[in-house]
Amino acid sequence: MTTLSFALTRRPTREQIAERAHQIWLFEGCPRGREVQHWVMAEALLQAEIDSELRRRHAHQLRRRATETTPAERPEYLPDRVPVRTRRHSGMGAAAVMTMTAMA
């Protein structure tokens, strides 16, 4: 199985695609005439692995940066506190709020 050490290249190499296509061909029982489908499938699978690894690394870097900065230096999309929902945004309709108020 191929490792994800190639993730920094952002594109799978020809050798990696050929190896994965061969694995797919073997898994499917060595059918004839499906070389192009196996190649395309292998390329798509490898690219998805690369993209996933890049997203994971990027998220890790953002989390690490967020912990290394002071609250004043943090970007706006990383607030210190999560806003509390008000009654208006709680998902209850006006009738439910009126009924609860009448019961009290």
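Computed from a predicted structure; not experimentally measured.

Observations regarding the nonpolar core
Judged by nonpolar contacts, I17, A21, I24, A42 and L46 together constitute the single largest core of five residues. Elements with a minimum of two residues in this core: α1 (14-27) and α2 (35-68). For this core, the leading source of residues is α1, giving three residues. In this view, I17 contacts P12, W39, A42, E43 and L46; residues no more than four positions away in its chain are not counted.

As for the environment of P31
Within the secondary structure, P31 is located in the loop between α1 and α2. Beyond its immediate chain neighbours, meaning those up to four positions away, P31 contacts W25 and H38.

A word on α1
Between its first and last C-alpha, α1 extends 20 Å over 14 residues, near the 20 Å set by a 1.5 Å rise per residue. For α1, every residue scored as buried is listed here: Q16, I17, R20, A21 and I24. Each buried residue of α1 sits inside an arc of 130° when the element is viewed along its axis, so together they form one side. Of the residues in α1, the exposed ones pointing more than 90 degrees away from the buried face are R14 and E15. The inward-facing, buried residues of α1 abut α2. Of the residues flanking the end of α1, it is G29, one or two places downstream, whose phi is positive at about 90°.

Some points on the side chain of Q47
Here Q47 lies in helix α2. Since its relative accessible area comes to 16%, Q47 is described here as buried. Apart from residues no more than four positions distant in its own chain, Q47 is found in contact with R10, R11 and P12.

Describing the confidence of the model for the chain
Predicted confidence across the chain gives a mean pLDDT of 74, with 57% of residues reaching 70 or more. Mean pLDDT across the elements of the chain ranges from a minimum in helix α3 (residues 94-103), with 47, to a maximum in α1, with 96. In the predicted structure, residues 1-7 sits below a pLDDT of 50 and forms 17 contacts with residues beyond four places in sequence or in another chain.

What counts and what doesn't
Residues numbered from 1 in each chain as written. Predicted model: local features only at pLDDT ≥ 70, side-chain atom pairs only at ≥ 80, totals over all residues. Heavy atoms only, no water. Core = buried A, V, L, I, M, F, W, Y, C linked by side-chain atoms within 4.5 Å. Buried < 20%, exposed > 50% of the residue type's maximum accessible area, 1.4 Å probe, protein only. Helix = DSSP H or I, 4+ residues; strand = E, 2+ residues; numbered from the N terminus. Contact = heavy atoms within 4.5 Å. Expected span 1.5 Å × (residues − 1). Arc of directions from axis to C-beta. pLDDT = per-residue confidence, 0-100.

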